[in-house]
Amino acid sequence: MTTMTEGSVREFKMPDVGEGLTEAEILKWYVQPGDTVTDGQVVCEVETAKAAVELPIPYDGVVRELHFPEGTTVDVGTSIIAVAVGDAAAAPAPEPAQAPDEGTADTATESAATEAEEKKPEGRQPVLVGYGVSTSSTRRRPRKVAEVPAQEASAASAAIQAEMNGHGSAPAVTRGRPLAKPPVRKLAKDLGVDLATVAPTGPDGIITREDVHAAAAPAQAQEPEAAPAAPVAATPAAPSPATAVSYDTARETRIPVKGVRKATAAAMVGSAFTAPHVTEFVTVDVTRTMKLVEELKQDKEFTGLRVNPLLLIAKALLVAIKRNPDVNASWDEAAQEIVVKHYVNLGIAAATPRGLIVPNIKDAHAKTLPQLAGSLGELVSTAREGKTSPAAMQAGTVTITNVGVFGVDTGTPILNPGESAILAVGAIKLQPWVHKGKVKPRQVTTLALSFDHRLVDGELGSKVLADVAAILEQPKRLLTWA
């Protein structure tokens, strides 16, 4: 998504990289002002509510400005980077202005103003938004990192003058915007702390919450003494939310809710309070399934593929859906219809460093067992690397969550929004089991199936769960029932 402004500078806007997404956080910039970029070159990595995605620039040019620092959450449709194209790209960015001598500063300013007024052309001129009229496309705003705002320059000049007059030492002049994440900036604003005066302790000079609290402590301690001298400043302001949530950083850690975690929370709350959940359980002997897993590992058709119990559980669920197709459906509230899907996009819940995601295998019902094994392996490895695309997490129809990998017997899973069923698989353990009239140690697991009771009644849900259990108990049913 781009916008062409006059002066041959294009504004690249935050695109909607996934269906229905409204914002994304800039994780990392791969370019800086002055860098040359080419069509298709990745310029930044952003984290959406579903995944981390790299954004390519759709044209050639030279980076003029990055509008947001790393760690900023930006709404979709907001410009994030300015790129000069065409003739403007060929013109070098202006060098940072040298600080004028004290005796010549006023003269230089007046001279520049007079020269600009004399050269001002008549008639309508192309205007680059935010930069004003310029007589040539080669005259550009200096790089942001090299700019010194007028207020800072004024403060620096006053400080130097005070030092010359013997009124104290001149404080160091802070150049550039202090590095801090949006929540930290809000906290500083609420506490009345100027970030320019805070000594950063975070990596790469980033100011942390602890730095802000440390800077606020001395100011709060001096407030009672300063109150008589400045009664107006001592007037209490309206209570701020940040003051109310002040906490001991040694005993608590606060983590901003954003990205995948924010999306997961919204989805789970929406699902739990929209779809009436019913969960059924069954404990099953999967000893024969575990033997089949070991045999498939030696089969040449599965060379290079990952074969595990999840593969056969997924196949068992696909066969159960084929026998009970009405379970593979969704509820359309707007149209007041039940939409039965004639395909299965099988979701696999995956825990990643960024949170829980549910990518799905498209048209899993049409895949052979080796093809399903390959798709499962690719899905898991991509999720672990944090490279799952938003498209891979859309249009799922039914999901499997394997809580057994954490040693858990089972659970009551919450439906993925838009789906009608989710199967939870517990840990497979050696347990005493009655087999052929005798108590023997057998490999046993517990399955739990949650379903949307608006469109799946108890009979249908029970049949699906019973079919999955029957297949895992007797894997030969994969042939007879499929």
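Predicted model only: the values in this text are computed from it and were never measured. Just so you know, the residues in each chain are numbered from 1, in the order the chain's sequence is written. Where totals are concerned, whole chains, interfaces and linings use all residues; where local detail is concerned, this predicted model gives features only for residues with pLDDT of at least 70, and gives and counts side-chain atom pairs only at 80 or more. Only hydrogens and water are set aside; all other atoms, that is, all heavy atoms of the structure, feed into the side-chain values.

(A) Region of the structure containing the overall build of the protein. Numbering of helices and strands starts at the N terminus; helices are DSSP runs of H or I of at least 4 residues and strands are runs of E of at least 2. A tally of helices and strands in the protein yields 12 helices and 24 strands. When each of the 482 residues of the protein is scored for burial, the buried share is 36%. Whether two residues are in contact is decided by their heavy atoms, any of which lying within 4.5 Å being enough. The contacts of the protein with a sequence gap of at least 6 include a subset with a gap of at least 24, amounting to 61%. To measure how exposed things are, a 1.4 Å probe is used in the Shrake-Rupley method; for residues, cover is taken only from the protein chains shown. Split by element, the accessible area of the protein, about 27,300 Å² in all, is 55% carbon and sulfur. Exposure categories follow from relative accessible area, calculated using a 1.4 Å probe and restricted to protein chains: below 20% of the type maximum is buried, above 50% is exposed, and the middle band is partly exposed.

(B) View of the packing of aromatic side chains. Side-chain rings of Phe, Tyr and Trp, where Trp is taken by its six-membered ring, are said to pair if the distance between their centres is within 6.5 Å; with planes under 30 degrees apart they count as stacked, over 60 as edge-to-face, and otherwise as tilted. Within the structure shown, the criterion is met by 0 aromatic pairs. When the ring centre of Trp 481 is taken as origin, the NZ or CZ atom of Arg 323, which lies over that ring, is 3.8 Å away. Both a distance and an angle decide whether a charge sits over a ring: NZ of Lys or CZ of Arg must be within 6 Å of the ring centre and within 35 degrees of the ring normal.

(C) Spotlight on helix H11 (residues 458-473). Every helix has an expected span of 1.5 Å times one less than the residues it contains. Over its 16 residues, H11 extends 22 Å from the first C-alpha to the last, a length consistent with the 22 Å expected when each residue adds 1.5 Å. Within H11, burial applies to Leu 460, Gly 461, Val 464, Leu 465, Asp 467, Val 468, Ala 469, Ala 470, Ile 471 and Leu 472. Next to the buried residues of H11 lie strand E14 (277-285), helix H8 (287-297), helix H9 (309-323), strand E22 (421-425), strand E24 (438-452) and helix H12 (477-481).

(D) Structural context of the pattern of salt bridges. In the sections that follow, a salt bridge refers to a side-chain nitrogen of Lys or Arg positioned within 4 Å of a carboxyl oxygen of Asp or Glu. This model, assessed by the stated rule, comprises 7 salt bridges. The partner of Asp 285 in a salt bridge is Arg 442, with the nearest N and O atoms 2.8 Å apart. Pair noted here: Asp 285 is in strand E14 and Arg 442 is in strand E24, with a separation of 157 residues, a long-range link. With relative accessibility at 4%, the residue Asp 285 sits in the buried group.

(E) Fine view of the pairing of strand E9 (residues 79-84). Counted residue by residue, E9 has 6 buried out of 6 residues, so it is predominantly covered. Across 5 bridges, strand E2 (residues 9-13) lies against E9 in antiparallel orientation. What sits directly across from Lys 13, in E9, is Ser 79. Two strands make a pair as long as DSSP finds a minimum of two bridges between them. Two elements, strand E7 (residues 61-66) and E9, share 4 bridges in a ladder whose sense is antiparallel. Across the sheet, the residue bridging to Val 63 is Val 83, located in E9.

(F) Region of interest: H9. With 15 residues, H9 ought to run about 21 Å at 1.5 Å a step, and its terminal C-alpha atoms sit 21 Å apart, in line with that. Where burial is concerned, most of H9 is hidden: 12 out of the 15 residues are buried. If you check which residues of H9 are buried, you get Leu 310, Leu 311, Leu 312, Ile 313, Ala 314, Lys 315, Ala 316, Leu 317, Leu 318, Val 319, Ala 320 and Ile 321.

(G) Focus on the sheet that holds strand E8 (residues 73-75). Overall, antiparallel pairing links the 4 strands, which are arranged E6-E5-E3-E8 in an open sheet. The strands lining the two open edges of the sheet, one partner per strand, are strand E6 (52-56) and E8. Between one strand axis and the next, the sheet turns by 40° as a mean value, whatever way the strands run. Relative to E8, strand E3 (residues 23-29) runs antiparallel, the two being bridged by 3 bridges. From the neighbouring strand, Ala 24 faces E8, where its bridge partner is Val 74. In this analysis an axis means a line fitted to C-alpha atoms, helices contributing only their contacting stretch, and an angle means the value between N-to-C directions, from 0 to 180 degrees.

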